[in-house]
There are 2 protein chains.
Amino acid sequence: MHPTDVSESQTDVLIIGAGPAGLTAAYWMAQYGVNARIIDKRGTKIFNGQADGLRARTRELFDSMGIEDRVERESKTSWEFRVWNPDGKGGLERTGGLGFTKEAYAKSRFFICGLNQGRIERFLLDSIKEAKPDLEVERGVIAETLECDEKLAADPEAYPITVKLRTLSEEEANPSPAYGSSGVRDGLFRSNLSPDDWEDLINKSKAKEGKTEVVKAKYIIGCDGAHSWTRKQLGIKMEGAATDFIWGVMDVVPISNFPDMRQSCAIKGDTGTILLVARERGLMRLYIPLTSTEDPTKRIDRSTINLDMLKATAQKIFHPYTFDFKICDWWSAYQVGQRVASAMSDPTERIFIAGDACHTHSPKVGAGMNISIQDGYNIGWKVASVAAGLSPPTLLSTYALERHPIAEKLAEFDRNWSSLFLPKGVATAANDKAEDGTVADFNTTNARYEDFGQGFVLDYPTSVVVHRWNKSAPLLLPGERFWPAKLTSQSDGERQWSTGIMRSDGRWRVVVLAADVAVPEQMARVQALCGKLDGEKGVIRRFTPAEGNKDAVIDVLAVHSADRSAVDIFDFPEILRPEDEMRGLDYHKIWVDEAFEFDQDCDGKAYDKWGVDRSKGAVLVMRPDQCIGWYGDLEDVAEMEKYFEGVLKVRV
Amino acid sequence: MHPTDVSESQTDVLIIGAGPAGLTAAYWMAQYGVNARIIDKRGTKIFNGQADGLRARTRELFDSMGIEDRVERESKTSWEFRVWNPDGKGGLERTGGLGFTKEAYAKSRFFICGLNQGRIERFLLDSIKEAKPDLEVERGVIAETLECDEKLAADPEAYPITVKLRTLSEEEANPSPAYGSSGVRDGLFRSNLSPDDWEDLINKSKAKEGKTEVVKAKYIIGCDGAHSWTRKQLGIKMEGAATDFIWGVMDVVPISNFPDMRQSCAIKGDTGTILLVARERGLMRLYIPLTSTEDPTKRIDRSTINLDMLKATAQKIFHPYTFDFKICDWWSAYQVGQRVASAMSDPTERIFIAGDACHTHSPKVGAGMNISIQDGYNIGWKVASVAAGLSPPTLLSTYALERHPIAEKLAEFDRNWSSLFLPKGVATAANDKAEDGTVADFNTTNARYEDFGQGFVLDYPTSVVVHRWNKSAPLLLPGERFWPAKLTSQSDGERQWSTGIMRSDGRWRVVVLAADVAVPEQMARVQALCGKLDGEKGVIRRFTPAEGNKDAVIDVLAVHSADRSAVDIFDFPEILRPEDEMRGLDYHKIWVDEAFEFDQDCDGKAYDKWGVDRSKGAVLVMRPDQCIGWYGDLEDVAEMEKYFEGVLKVRV
């Protein structure tokens, strides 16, 4: 090797893989201004296909990240899910469906929608660029070796990790997928039916003496997918099993006389059930069971899988309705299986894996990308906050504690949901319990996993970052999301969802549920609380660098329940209306739980829904990742301080 | 002159001026694919300041143009308007306000919002580019001479107009405004207090032998502002008068302890009333009366006008509250007056003027840009449709017929609204009737002009393009807007406002209010109507070029009131679900007036609001500009044909 081809550098955080999990982790590096890099072996981002379902909680997080309006504009919501079964006379009949329910609506304004992964990566890339223009994805770069010096791991200032990166040639980074007879790219490219090419790429590049770089890092987050190279370096095993079932998937603009062709549906034929998902731009996604028709239990020969075969299989299930297409945006095939990584970090907690690297499963539950994004969202802020010197490294063990059970649950959900799409005899074998793919089965399974699938239930256990003690409100529980509410700005009457108000900007939030502040005694309690927070020994001064803004680390917000016209912002403590020399007052820290008759989402009943007393109020701490960390009464300042002491370092 | 510096060319339509009116007219040229050019004397578009208020109807039109979501994201809605008066003790007190009412909400989901003109021009430019990438604004280009050969005007194929264009130098096109002591640009640049520089620019450029071009055109639309050069060439007079009142205007980020500083307000001081308008990005716009404090009736010396003086005047009126700022985005001053052009075209109807070229007034009603956009929206599609050979030139006389009364009404509205902001004695003289600027006065004047100001009432008279006969529904009147309704797509359950469904894409629309199509007799009526429309001698075939799509000129839509699950799209006539070879069926022509409990806008009561019988239905024709042209029963096909014969040319 030519010596000039090796360079050495240092970075605090190295993210391997720029899919949804990696980009979400990188989003946090940008927010915290951490010295970080993100690499991806592919030369370009993906543009279509792959994971596409966005669940309610992910959209709430996107709202807090400022990108939900772009999702809203480009995606297609599946308002209903309809079930078709054989009518016993050789035809199909609609036997019912699942709609958008009152219960779902009460939990989130967002419903499941479809938008291709390429667009979501674009939105994430744009928001990273906005916050930290120099944090760009380095594409066509692959990690070749990874070592971690355990002796250095205890020193937070040390760079115990050594990674050798190799820059691939244009050709290696952008392999041309073969084209099939129909002129469409070979869909099995990037499928889990294709072998991993990581080692191949390294070896080829080595032979050509490609450029390498030795990087010293404090932390690594491996978001390098189902075949995760990072996971292999750590020797972490995937537990669980693949089944023999192979499914085809395609995004097409259908030409058909099937009456529900623009609706999300399950269409049950004799050889399995098609899942039809409504997409943007006139596209429909189809998941097609590829067992052979003669014997539903027989496996298919992988080499026979192509687009024509997917189409022919779909046509048989749609019969007597017609099904065809001229436009195919993307297609692939995959083997169904559910596996979960045995661990999510190395023993020193310097190297983490997230996303598909931790859990593989079938895509039919429309949750995979969501869980991956939420993995990246969870590990991202923690590593960033530690790397930025704000939080102690003890924070990092909460990642696996919180996310591993989620991965397990995802596998369970997928196992049960996917089996509903298999032919009857097979389903019985694969499923926890025999199911027939009737409307009732879909309803039962959906009801069982709905809250998990949508992301409404996190169930993060007690830890340094989740304090469960004797206080909480029914819907404001430490370890769970902040139950969204649409609130009114005291100063300008603007109405906004709490998910948009509490931005994912890396700050912690003390949310003062100030209750009826028109009552002087109650306002006095709020004043007293804010006085302590803002006092000489208060959490603000203890944990915020002296040189920055007072709200740089902990942002104090109020949500009161008094008549908005009975108070104005000058009645509130100064910490709730800080003044900037250039821009005057901050007008957006005081919010009201006020009804507005022309917006049913703004019903003035947030306190009642949360289960918080409208006269007494409460106070809670929101973690940077929109999860409640602590909850107490307005006087429980000492308890709150204890919480902060566990998650933030006292300023020096 | 060097002969090589003169070139000659031909264009069907030349638009002079690329402000909101000109860009809206150009939007139509792009939609119709007309050979057109648009020039502007300035070297760059504006970025801030100027007109900023967007009214409900404009936002509805933007929805149909596909740009409303960008307005929604960036603008600031003024939910309330609050009135402050002297409290008689040297202070100010809030005496009440105007809010978003049930009545307003029933009329439109949009309320007035603020967003700077520069952004709106950007949205228009982007949508022009999307439809016709080669139609770019030619900046730094000025018209020097204009001639129209009246003998040629009767021949629709002729190019009777000759215009000489001159390309300005960089420096001429981008004059540097002076900077004041505060480092802010001289706000009087582009104010109506500054003299017109058109002639100056021509003369200077001539002396330098700047490049010129002779253009032959079929039509000209002059959108060249209050000092309109086009208007002067046509010898059209402005009628009305300027007053002596001079107002300052500024966009600042206020530093203040005034409690309603993020609300739109009128703050009445002794020397006049400040109008405070909430804006995007923390900005507030202030309109400040600049009469001298000693004698309110005395005029101000224009040379004394600068930003410090505006600030000092505002401070006096805000007293005892503080008022200051460090950030000023833009400021200017203007002389109040209301003038309307005596005509809106030349006698041959080849040259038109639109926007500020036809009406000048004060900006305080927040309607000026809206009326200008709507002028461009009206003349644009008409000229484009005639130039594209789709419509006869007789269409063009309806422009002034429809828009001139609007200009007159705007002047009247402004005269009455503006005077509410003058000191008492002065207001009496200027206003139609003495008013004191109390809450009641604002309410009265607002109520009187609300429907006009928001654009809910057009009152376009009977003409070739508005047929009023013995049929109409209470809220679906020929000559008025289509009263918006949020409808549900039959095929996919997507909910959309009618303004978004009926895109401003240049097509006419036959909207079949199909009523209860679950009743076979009613479906038979719909089938019969569509059969005639689609028949050998029907309007579709008579007015649509044979080579294009069937819905290229006239788009047939249905809105039914039956239970959505009782019918599917295959029950409807083929014209309502046309099939494309590549993309299959068009799934978005059949809509339902269906309630959805989680969206109060989608109340399933559109028929009732419109006043259309839910069992019998009706049919109407929408002009390309979202105005109803004709209304009748499902059997009135012959009448509808007569209407189309007046506005469209039979295909050759």
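An unreviewed UniProt entry annotates chain A as Phenol hydroxylase of Lasiodiplodia hormozganensis. Of the comments in the UniProt record for chain A, the one headed Sequence similarities (unreviewed entry) reads "Belongs to the PheA/TfdB FAD monooxygenase family."

When you go through chain A residue by residue, the secondary structure sums to 18 helices and 27 strands. The C-alpha radius of gyration computed for chain A amounts to 26 Å, which stays within 12% of the reference 26 Å derived for 652 residues, consistent with globular compactness. When the backbone C-alpha atoms are referred to their principal axes, chain A occupies close to 80 × 70 × 40 Å. Taking all 652 residues of chain A together, the buried fraction comes to 61%. Per element, the accessible surface of chain A, about 24100 Å² overall, is 50% carbon and sulfur.

Let's shift gears to the UniProt feature "domain: Phenol hydroxylase-like C-terminal dimerisation" (unreviewed entry) in chain A. Under the UniProt annotation, the feature "domain: Phenol hydroxylase-like C-terminal dimerisation" (unreviewed entry) is placed at residues 459-649 of chain A. The span residues 459-649 of chain A carries 21% helix and 20% strand; its end-to-end C-alpha distance comes to 26 Å.

Residues and elements named next belong to chain B. As enumerated under the stated definition, the model contains 62 aromatic pairs over all chains in all. Aromatic side chains F81 and W417 sit 6.1 Å apart centroid to centroid with 45° between the ring planes, which places their arrangement in the tilted category. Taken together, the residues span a long stretch of sequence, with F81 in strand β5 (residues 81-86) and W417 in helix α11 (residues 398-419) at a distance of 336 residues. In this pair, the class of F81 matches that of W417, namely buried. When the centroid spacing of 5.1 Å and the interplanar angle of 65° are considered together, the rings of F258 and F318 count as edge-to-face. Taken together, the residues span a long stretch of sequence, with F258 in the loop between β12 (238-256) and β13 (264-269) and F318 in helix α9 (residues 307-318) at a distance of 60 residues.

Once that is clear, we can look at the sheet that holds strand β4 (residues 76-77) of chain A. All names here are of chain A. Taken in spatial order, the 3 strands of this open sheet run β3-β7-β4, and their pairing is antiparallel. Each edge of the sheet is formed by a strand with only one pairing partner; in this case those strands are β3 (53-54) and β4. One ladder, built from 2 bridges, connects β4 with strand β7 (residues 113-114); its direction is antiparallel. Note on β7: the bridge partner recorded for K76 is G114.

Moving on, we come to helix α13 (residues 439-454) of chain B. Residues and elements named next belong to chain B. Where α13 bends most, the angle comes to about 45°, and this point is R448. Within α13 the residues assigned to the buried category are V439, D441, F442, T445, Y449, E450, F452, G453 and Q454. A positive phi of about 85° marks G455, the residue just after α13.

All right, on to the packing of helix α2 (residues 56-65) of chain B against helix α10 (residues 368-387) of chain B then. Residues and elements named next belong to chain B. The N-to-C vectors of α2 and α10 enclose an angle of 45°; their axes lie 10 Å apart at closest approach. As the angle between them shows, α2 and α10 are arranged oblique. Considering only the axes of α2 and α10, their crossing is left-handed. Along its contact with α2, which presents R57, T58, L61, F62, S64 and M65, the element α10 presents N370, I373, Q374 and Y377. In terms of residue class, the contact of α2 with α10 is built from 5 nonpolar, 4 polar and 1 charged.

Structural alignment of chain B on chain A gives an RMSD of 0.0 Å, achieved by rotating through 180° and translating 0.0 Å along the axis. Considering both components of the superposition, the chain copies are consistent with a two-fold axis. Among all residues of chain B, the one whose C-alpha sits closest to the rotation axis is Q600(B), at a distance of 3.3 Å. Mapped onto chain A, 100% of the interface residues of chain B are again interface residues, and the two copies thus contact each other with one and the same surface.

Right, let's talk about the interface of chain B and chain A for a bit. Tallying the contact residues gives 46 residues for chain B and 46 residues for chain A. Taken together, the two surfaces of chain B and chain A that pack against each other cover about 4100 Å², and 50% of this comes from carbon and sulfur. Connecting chain B to chain A are 8 salt bridges. For K76(B), the salt bridge identified is with E494(A), shortest N-O distance 3.0 Å. Along the contact surface separating chain B from chain A lie 23 residue pairs in polar contact (both at pLDDT 80 or more). Within the residue set of the side of chain B that touches chain A, elements represented by two or more residues are α3 (68-74), β4 (76-77), α4 (102-107), β12, β16 (323-341) and β24 (584-585) of chain B.

Next up on the list: unusual backbone geometry. Note that the residue after H319(A), namely P320(A), is joined by a cis bond; omega there is 10°. Note that P320(A) resides in the loop between α9 (307-318) and β16 (323-341). Within the chain, D459(A) stands out as a residue other than glycine whose phi angle is a positive 60°. As for its position among the elements, D459(A) is in the loop between α13 (439-454) and β19 (486-489). Of note, the phi angle at E349(B) is positive, near 55°, even though the residue is not glycine.

Another aspect to go through is the environment of T313(A). Residues and elements named next belong to chain A. By the secondary structure assignment, T313 is in helix α9. Those residues in contact with T313 that sit more than four places away from it in its chain are I288, P289 and L290. Among the polar contacts made by the side chain of T313, one reaches the main-chain carbonyl oxygen of M309 at a distance of 2.8 Å.

This part is about the side chain of Q338(B). Residue position: Q338(B) is located in strand β16. If we skip the residues at most four places from it in the chain, Q338(B) touches E239(B), G240(B), A241(B), T360(B), H361(B), A411(B), D414(B) and R415(B).

This part is about a negative patch on the surface. Residues and elements named next belong to chain A. On the surface, E574, E579, D580 and E581 cluster together into a patch of negative charge. Position of E574 among the secondary structure elements: in the loop between β22 (554-560) and β23 (579-580). Residue E574 is classed as exposed on the basis of its relative accessible area, which comes to 60%.

Moving on, we come to the pattern of salt bridges. Taken as a whole, this structure holds 102 salt bridges over all chains when the rule is applied. E213(A) is the salt-bridge partner of R37(A), the closest N and O atoms lying 2.7 Å from each other. A residue pair is termed long-range when its members are at least 10 positions apart, and R37(A) in strand β2 (residues 36-40) and E213(A) in strand β11 (residues 212-222) qualify at 176 residues. Like E213(A), R37(A) is buried. Taking the shortest distance from any N to any O, the salt bridge between D555(B) and R509(B) comes out at 2.9 Å. Separated by 46 residues along the polypeptide, D555(B) in strand β22 (residues 554-560) and R509(B) in strand β21 (residues 508-515) bring together distant segments of the chain. With a relative accessible area of 3%, D555(B) lands in the buried category. Salt bridges sharing common partners tie together D505(A), R507(A), R509(A), D551(A), D555(A), D586(A) and K589(A).

Attention shifts here to helix α7 (residues 198-207) of chain A. W198(A), L201(A), I202(A) and S205(A) are the residues of α7(A) that are buried. Summarising the axial view, the buried residues of α7(A) lie within an arc of 100°, below the 170-degree limit, and thus occupy one face.

Rules used in this analysis
All chains use their own residue numbering, which begins from 1 and follows the written sequence. Lettering of chains starts at A and numbering of ligands starts at 1, both following the order in which they are written. In view of the model being predicted, local features appear only for residues whose pLDDT reaches at least 70, and side-chain atom pairs are presented and counted only at 80 or more, with totals across whole chains, interfaces and linings using the full set of residues. Only hydrogens and water are removed before side-chain values are computed, so all heavy atoms of the structure are retained for them. UniProt positions are given in the numbering used here, feature names are shortened, and annotations may be inferred rather than shown by experiment. Here a helix means four or more residues in a row that DSSP labels H or I, a strand means two or more in a row labelled E, and each is numbered from the N terminus. Both definitions apply: the radius of gyration is a C-alpha atom measure, and the globule rule equals 2.2 Å times residues to the power 0.38. Any residue under 20% of the maximum accessible area for its type is buried, any over 50% is exposed, and the rest in between are partly exposed; the area is computed with a 1.4 Å probe on protein chains only. Under the convention used here, a 1.4 Å probe and the Shrake-Rupley method define accessible areas, while residue burial counts only the protein chains that appear. Any pair of Phe, Tyr and Trp rings, taking the six-membered ring for Trp, is counted once the centres come within 6.5 Å. Such a pair is stacked with planes under 30 degrees apart, edge-to-face with planes over 60 apart, and tilted for the rest. Should DSSP find at least two bridges between two strands, the strands are regarded as paired. The angle between axes fitted to the seven-residue stretch ending at a residue and the seven-residue stretch beginning at it gives the bend at that residue. Every axis in this analysis is a line fitted to C-alpha atoms, fitted for helices over the stretch in contact. Angles between the N-to-C directions lie between 0 and 180 degrees. For this classification, under 35 degrees means roughly parallel, over 145 means roughly antiparallel, 65 to 115 means roughly perpendicular, and everything else is oblique. By definition, any crossing whose near helix is turned counterclockwise from its far helix by less than a right angle is left-handed, and any crossing with a clockwise turn is right-handed. Note on contacts: a residue pair is in contact if any heavy atoms of the two residues lie within 4.5 Å. Only Asp, Glu, Lys and Arg are considered charged in this grouping, and only Ala, Val, Leu, Ile, Met, Phe, Trp, Tyr, Cys and Pro are considered nonpolar; every other residue, Gly among them, is considered polar. A least-squares fit on C-alpha atoms brings the copies together, and the residues used are those whose pLDDT is at least 70 in both copies. Two parts lose some accessible area (1.4 Å probe) when they are put together, and adding that loss for both gives the buried area. Note on definitions: salt bridges are taken to be side-chain nitrogens of Lys or Arg within 4 Å of carboxyl oxygens of Asp or Glu. N or O atoms closer than or at 3.5 Å make up a polar contact, with two conditions inside protein: a donor-capable atom paired with an acceptor-capable one, and, for residues adjacent in sequence, both atoms drawn from side chains. Exposure above 30% relative accessible area and no salt bridge define the residues that can form patches, which grow by joining like charges within 9 Å and nonpolar side chains of Val, Leu, Ile, Met, Phe, Trp and Tyr within 5 Å. Two residue types count as positive, namely Lys and Arg, and two as negative, namely Asp and Glu; His and chain ends fall outside the count. We put the charge of a Lys on NZ, of an Arg on CZ, of an Asp on CG and of a Glu on CD. Along the arc lie the directions from the helix axis toward the C-beta atoms.

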